[in-house]
Amino acid sequence: MTVWFFIDNKELLVFKRIEKNKCLTHLKIKKMKSRFILYLVSKSNNQWLSFQRFGNKKLFVCLLLVIAVFLMQCSSSDKNISDHSETGEVPQINEDIFEESWLEAKTGNMPLVISAPHGGEISPQEISNRACGTNSRDNNTAQLSLEIENVFNQYGKQPYLIVAQIARTKIDLNRDLSEATCGNSLMNTTWNRYHQYIEEALASAIKEFGYALYIDLHGQSHPVRRLELGYLLSKLDLKDNYDQTNPNATLAEKSSIKNLLELNGNLNFRELLIGENALGTLLQNAGFPSVPSLDDPFPQADDPYFNGGYNTRRYTSSDHPKVFGLQIEANFQGVRDSEENRKKFSEAFVQSIMNYLDFLDVQNN
Ligand SMILES: [Zn+2]
């Protein structure tokens with residue numbers, strides 16, 4: 001049973017307040033077991049305010065009484081409501097469901113913003129599973145991002161962090177809104193809030209340091225065990241980069257580091273992908289094979305490879321001229337499969353990032 005509360009058209013306000021009441025949260029969970037929809041209508045704000053003055057137990061009893069009274073009256077009391085019931089329509093609720101615990105956002109003190117959209121495990125029953133796209137979890141990537149944070153902290157540094165704790169089965173936070181929610185408007189606030197956190201993190205880093213390195217952290221299970229660094233370049237693009245069959249500028253323009261080349265004109269695009277100081281090479285040298293890198297400059301044609309998704313495209317576009325970055329798809333074994341390996345990887349990652357930022361030498365301008 002779903003209960004919609006309408007009080008002088010202030011249904012959203014009241015619905016939110018009800019969500020925060022433990023007694024009624026219980027009622028809300030129970031109600032999901034039936035498809036019956038109850039419309040509860042009160043005539044004035046005063047009635048709701050008078051509920052508030054009761055304790056939780058009294059409020060609960062009072063609501064049960066109101067529901068009972070309403071059930072007796074509903075056949076004749078409100079034309080609009082009975083119209084809805086007859087047509088089977090659910091009235092539009094403009095506010096959706098959001099819990100702070102679904103997203104974790106931390107402010108940083110360095111020009112690094114890390115998001116981890118696919119590692120969440122919170123799976124609220126009242127939200128139906130996504131019926132489009134892919135629902136698989138990037139196992140342990142939320143923990144991995146927090147371990148990376150721990151290691152940075154040992155150096156007195158704190159990256160900006162935006163970690164989804166809500167499961168991908170409920171929302172995909174690396175897709176545009178329609179695919180992220182598969183049209184379930186209950187999840188709109190979660191999506192908006194997640195991206196608001198990233199936007200705010202980037203703006204804060206840029207204000208402080210003049211630029212931001214953005215990393216969208218994921219997990220993959222492809223046969224070749226290595227980190228896949230996604231710069232929005234295809235396998236063929238990466239091969240062209242290695243063979244130098246395509247002018248640097250053409251590839252650079254479509255890549256997720258094009259803004260970096262504007263920020264520091266001395267950097268060489270090809271070297272940034274497969275040179276001595278490319279991030280992939282630094283990670284490779286720290287014990288974590290990566291593609292592209294000096295030793296592994298491009299995936300073979302039949303190798304599955306992720307080259308970057310919605311978040312990487314969005315936040316490294318010309319709309320964010322002071323941001324550059326990449327998607328990192330971490331393999332499971334040896335990287336994120338155990339606490340010990342997450343620690344090992346995080347050590348290597350933090351060292352590599354610090355060396356990378358030193359090499360990039362982007363001046364605060
Ligand atoms: Zn992912």
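Not measured: the values here are computed from a predicted model.

A look at helix 9 (residues 235-243)
Residues three or four positions apart in an α-helix share a direction because the helix packs 3.6 residues into each turn.
Part 1 of the reasoning: Among the residues of helix 9, those classed as buried are D237, L238 and N241. Along the axis of helix 9, the buried positions cluster into a sector of 100°, meaning they face one direction only.
Part 2 of the reasoning: The secondary structure elements touched by the buried residues of helix 9 are helix 10 (248-254) and helix 12 (269-274).
Part 3 of the reasoning: Of the residues flanking the end of helix 9, it is Q244, one or two places downstream, whose phi is positive at about 60°.

Here's the deal with the pairing of strand 6 (residues 212-219)
Part 1 of the reasoning: Counting buried positions along strand 6 gives eight out of eight residues, so the element sits mostly inside the fold.
Part 2 of the reasoning: By the alternation rule, side chains of strand 6 split into A212, Y214, D216 and H218 and L213, I215, L217 and G219, which are all buried.
Part 3 of the reasoning: Bridge count between strand 4 (residues 112-116) and strand 6: four bridges; the pairing is parallel. Each residue of the ladder has a partner; that of S115, found in strand 6, is D216.
Part 4 of the reasoning: The pairing of strand 6 with strand 9 (residues 323-330) spans eight bridges and is parallel. Bridge pairing in strand 9 places D216 opposite Q327.

A few points about the sheet that holds strand 3 (residues 103-106)
Part 1 of the reasoning: Across the sheet, seven strands lie side by side as 3-5-4-6-9-7-8; this open sheet has mixed pairing. Edge positions in the sheet fall to strand 3 and strand 8 (290-291), since each of these pairs with one other strand and no more.

Focus: helix 8 (residues 188-209)
Part 1 of the reasoning: Across its 22 residues, helix 8 extends 31 Å between first and last C-alpha, which sits within 8% of the 32 Å expected from 1.5 Å per residue.
Part 2 of the reasoning: All of the buried residues along helix 8 are T190, W191, Y194, Y197, I198, A201, L202 and A205. Take helix 8 and look down its axis: the buried residues cluster within an arc of 130°, on one side only.
Part 3 of the reasoning: Following helix 8 by one or two positions, G210 has its phi on the positive side, about 90°.

The rules behind these values
- Residues numbered from 1 in each chain as written.
- Predicted model: local features only at pLDDT ≥ 70, side-chain atom pairs only at ≥ 80, totals over all residues.
- Buried ≥ 20, exposed ≤ 12 C-beta atoms within 10 Å, placed from the backbone.
- Helix = DSSP H or I, 4+ residues; strand = E, 2+ residues; numbered from the N terminus.
- Arc of directions from axis to C-beta.
- Contact = placed C-beta atoms within 7 Å.
- Pairing = 2+ DSSP bridges.
- Expected span 1.5 Å × (residues − 1).

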